[in-house]
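# Coordinate analysis (summary)
Next come the chains, spelled out residue by residue.
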Amino acid sequence: MTSADSLRASELGWRARLRLPLALRFALREMRGGLRGFYVFIACIALGTGTIAAVNSLASGFAASISGEGQSILGGDLSISLIHRQANAGELAFLKDRAKVSTVATLRAMARPEAGRQSLVELKGVDGVYPLYGTLALRSGRSLGDAFAAVEGAVPVVVDDSLLATANLAVGDRFSLGRLTVEIADVIEREPDKLSGGIAFGPRVMLPIEALEDSGLVTTGSLVRWRYRLAGPTGPFDDGTIERIVNEANTAFPAAGWRIETRADAAPGLRRSVDQFAQFLTLVGLTSLAVGGVGVANAVRAYLARKRSSIATMRSLGATSRFVVEVYLLQILLLAAIGIGFGILLGAAVPPIAAVFLANLLPVSALFSLFPGALLLASLYGLLTALAFALWPLGRAYGIRPIALFRDDLDERAEVGRRPFLIGTAAVGGLLVAVAVLAAYDRMLASIYVVAAGVIFVLLRAVAMLTAFVARRMPRSRSTIVRMAVANIHRRGALTPTVILSLGLSLTLLVTLSLIDGNLRMTLTSRLPAQAPSFFFVDIQDRERDAFVDFLREKAPSATVESQPMLRGRIVSINGTAAQDWPETEASWVLRGDRGITYGAAPPQGSTVVEGKWWPQEGPARNEVSFAADLARELGVGIGDVVRVNVLGREVDATISNLRTVEWETLSINFVMIFSPNVFAGAPHAHLATLAFPNGGSAAEEIALLKDVTDRFPTVTSIRVKDALETVNGIVGDLTLAIRAAAAVTLFSSMLVLAGTLAASHRSRIYDAVILKTLGARRATLLAAYALEYSLLGFAAAVFGVAAGSLAAFFIAIGLMEIEFVWLPVSALSAVVIGIAVTVGLGLVGTWRALGEQPASVLRNL
């Protein structure tokens, strides 16, 4: 053999080794003709995958940002906070011996301009070293120290821009704050530790902390939170040093009652909220994928119908059924990979775009990164969905006799070998369910969702069968249009199952979200004013409590005034078990932070003791506490259990003697715990009061009363309930906007599925239209028949969506959110209009082309 022959043989050997598997080569050749018929397939997978990738990437980005910016968010490497009281000399010396310390005090107060609206503000006193981490950005570009030094003759403050708008103020203007006269020195552009303060019910006002002493706002028992931020003298503490300081602080002052947070767990509430919100949106994304899965199944079924000649040819030339399935399974996997790729690109692009809009609200530094874990999880969802919905249609190609394909007889199908596809579909579906549950933040909620989704799928299939059955049993109409529409609903190959399944699922989601949104807004606004107070008044000092109540009754004689002692305390342990070690439940929020507490000789108005007995009027022999019944059941505590609380640095044990109902939704004065009067005898505290007008009160009455109260009692903080509700309503509105956007993706997926279904049935529609036109039918008649058919199908899907969505919203509102549920016909029935409009619109668009075909050209090609 010559060297050339050897070289040629070697080259052929390498080519043989590099040759792709036969099934893959056939699959790639089949795809050379383009992706016609699979655009809906790709779009459905891309939308669902992209939604999940975007949501999980955002959640991962926020989590990483919170961790990465933990020092700035917290304001230090550690933060030690106290309610009502400042750290004493020993505690403060302990902290300063170990770290650089910045002291910050936060409270609510009333800003009182001479000519402008009085406003509730979030007051923040800061010292000269604030902030230890991050940068406070002022509009002028000056430092905080320079801004404070620029003011003479008044206390300098820097404020949020929103205060200038609401109170009609400008830089250089002065207003009253407690007993102080303050001057606006600058406007805050960015506050690094703003998130550590929780929900703000008013604009920020920042002033030197030493001015608080002269303001009259801070006295014993005032609702002030003192925060001591710690940082290393020369640089950030390492994790070991932080842990050592925390242990030493807890050992040296076990009863201090302070709350210690580290940079590793900065803004834990925000982190939980992000995780929970991300899970909810992920479930919406899974719904979108499930709807898109119907489109996948339709696309595969229609594609195999078009490829029957190719399949018949391969079978006739000796290809096995297994080989045929391998070829088309590989094609589906390749197409799914394209859809997943688009979805991943979408998911990766959303976080940096969101960062631009959220930079002033949330920590976003990490959103400019890629999150491989989130993208891989979304890819897995997309792949499993494509397989779960494609395997069963693929089974149709297995065992089909070539003679049946050449005869164009799609109903002559052999059922041999279908069991493996059924088993495969079930296995992949089970794996998809397992991933959805195991990857969830709340696995119980995810499990409920999966079960509910499965039940809805089964019910929608039953609704489709029932619709076809009813159409088949309907009396024969004299109207040609009605007869054609009804026949199209129940005939072989009808669109009924696909339309009702895809549209019914998305409308169920839309109705559920719409009703929850409506009921939540109604709870926060429409329902409350008739029964809730118009004002909350806090920080009423004990010495002025009687005068304050008398003043309210004089200014608003028709209103109802109530007052209660008000302290803040933290649950330390239950029956000797530390609060942080107590089993996690839905009511665990009670154990996490400070709670408002009170004492009383009698049960508060509107509360009913449902278990145990109230203590005697003359006073109990021991320390006793009444616990809210619903929260006690959630926590697993009851009569006889001992609760230890820390109030003002003192730990007190009290035995639960009774459980009582609490109507939280009324916004009246309610507390988780009410103690017997002897527990806090002699303890310094302030009072909380409410005022409720008989019919809710007009805006003019409320504003006039607000001015009178703040002028007469400048150190009392007045919270107008309607203003607070507007703030909460704005937050709810932002959340529901994101939820609706995700739900819109589901509806769009439904529209794609419908469009794909109509495209897949285009050939049969052309055939029907041509035959009917040949027999004398007019285009207007055919359009009317198709419009009626699509209207009936849309109506059936919408009726199910309204019923199922209303039921789901009822259980979520009553069981999870614990709010009253009212069925809102406008919100729910709008789904009927949407369902019919979408179905009729897409149906007629797809039918128009079929009606435009010339009979002669079609009949020649039959």
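The rules we used
Residues numbered from 1 in each chain as written. Predicted model: local features only at pLDDT ≥ 70, side-chain atom pairs only at ≥ 80, totals over all residues. Heavy atoms only, no water. Helix = DSSP H or I, 4+ residues; strand = E, 2+ residues; numbered from the N terminus. Contact = heavy atoms within 4.5 Å. Areas by Shrake-Rupley, 256 points an atom, 1.4 Å probe, with all protein chains shown as cover. Salt bridge = Lys/Arg side-chain N within 4 Å of Asp/Glu carboxyl O. Buried < 20%, exposed > 50% of the residue type's maximum accessible area, 1.4 Å probe, protein only. Polar contact = N/O pair within 3.5 Å; in protein donor to acceptor, adjacent residues only side chain to side chain. Phe/Tyr/Trp six-rings, centres within 6.5 Å; stacked < 30°, edge-to-face > 60°. Lys NZ or Arg CZ within 6 Å of the ring centre and 35° of its normal. Patch = residues over 30% accessible without salt bridge, like charges linked within 9 Å, V, L, I, M, F, W, Y side chains within 5 Å. Pairing = 2+ DSSP bridges. Arc of directions from axis to C-beta. Axes fitted to C-alpha atoms, helices over the stretch in contact; angles between N-to-C directions. Parallel < 35°, antiparallel > 145°, perpendicular 65-115°, else oblique. Left-handed = near helix turned anticlockwise from the far one by under 90°. Nonpolar A, V, L, I, M, F, W, Y, C, P; charged D, E, K, R; others polar.

A few words now on the overall build of the protein chain. Within the protein chain, the secondary structure is distributed over 27 helices and 21 strands. Contacts in the protein chain between residues far apart in sequence, at least 24 positions, make up 82% of those at least 6 positions apart. A total accessible area of about 39,200 Å² is found for the protein chain, and carbon and sulfur atoms account for 60% of it.

This part takes up the pattern of salt bridges. Summed over the entire model, instances satisfying the criterion amount to 20 salt bridges. The closest approach of N and O atoms between Asp161 and Arg139, which form a salt bridge, is 3.2 Å. Of the two residues, Asp161 is situated in helix 7 (residues 161–166) and Arg139 in the loop between strand 4 (137–138) and helix 6 (144–149); the sequence distance between them amounts to 22 residues. Judged by its relative accessible area of 40%, Asp161 is partly exposed. With its nearest N and O atoms 2.7 Å apart, the salt bridge here joins Asp594 to Arg225.

To continue, consider unusual backbone geometry. Peptide bonds are trans in most cases, and residues, glycine excluded, mostly fall at negative phi. Following Tyr130, the chain continues to Pro131 via a peptide bond in cis, the omega torsion being -5°. Among the structural elements, Pro131 can be located in the loop between strand 3 (119–126) and strand 4. Although it is not a glycine, Asp539 adopts a positive phi angle of roughly 60°. Along the chain, Asp539 turns up in strand 11 (residues 535–541). When its relative accessible area of 6% is taken as the criterion, Asp539 is described as buried. The residue Asn575 is not glycine, and still its phi comes out positive at about 55°. Residue placement: Asn575 occurs in the loop between strand 12 (560–574) and strand 13 (577–578). A relative accessible area of 41% means that Asn575 is categorised as partly exposed.

Looking at the secondary structure, you find Arg85 in the loop between strand 1 (78–83) and helix 5 (89–98). From its side chain, Arg85 meets the backbone oxygen of Ala256 in a polar contact 2.9 Å long. Apart from the residues lying within four places of it in its own chain, the contact partners of Arg85 are Glu91, Trp226, Ala256, Leu648 and Gly649.

All chains considered together, the criterion is met by 11 aromatic pairs. A ring pair is formed by Phe253 and Trp258, whose centres lie 5.5 Å apart and whose planes are at 70°; its orientation type is edge-to-face. Judged by relative accessible area, which is 22%, Phe253 ranks as partly exposed. By relative accessible area, Trp258 is classed as buried at 5%. Ring centres of Trp614 and Trp615 lie 4.2 Å apart, and the angle between their planes is 35°; on these two criteria the pair is classed as tilted. With a relative accessible area of 15%, Trp614 lands in the buried category. Looking at Trp615, the relative accessible area reads 4%, which means it is buried. Grouped by ring-pair contacts, the aromatic residues Phe535, Phe537, Phe548, Phe551 and Phe713 constitute a single cluster. For Arg712, the ring lying beneath its charged end belongs to Phe713, and the centroid distance is 4.4 Å.

Moving on, we get to a nonpolar patch on the surface. A cluster of nonpolar side chains, Ile353, Val356, Phe357 and Phe368, forms an exposed patch at the surface whose accessible area comes to about 490 Å². Its location among the elements puts Val356 in helix 12 (residues 321–358).

Further remarks concern the pairing of strand 12. Counting buried positions along strand 12 yields 11 of 15 residues, so the element is predominantly enclosed. The sheet contact formed by strand 12 and strand 17 (residues 642–647) spans four bridges and is antiparallel. If you follow Ser573 over to strand 17, its bridge partner there is Arg644. Looking at chain direction, strand 12 and strand 13 are connected through two bridges and run antiparallel. Considered in strand 13, the bridge of Ile574 is made with Thr577.

With that settled, the discussion passes to helix 19 (residues 545–555). By the burial criterion, the buried members of helix 19 are Phe548, Val549, Phe551 and Leu552. The arc that holds the buried residues of helix 19, viewed along the axis, is 160°, so those residues lie on one side. Those residues of helix 19 that are buried lie in contact with strand 11, strand 12, strand 20 (686–692) and helix 22 (699–712).

Helix 17 (residues 480–490) packs onto helix 16 (residues 443–473) with a crossing angle of 140° between their chain directions and a minimal axis gap of 8 Å. In terms of orientation, helix 16 and helix 17 fall into the oblique class. As helix 16 runs across helix 17, the sense of the crossing is left-handed. Residue-level inspection shows Thr467, Ala468, Ala471 and Arg472 of helix 16 in contact with helix 17, the latter providing Val486, Ile489 and His490. In terms of residue class, the contact of helix 16 with helix 17 is built from four nonpolar, two polar and one charged.

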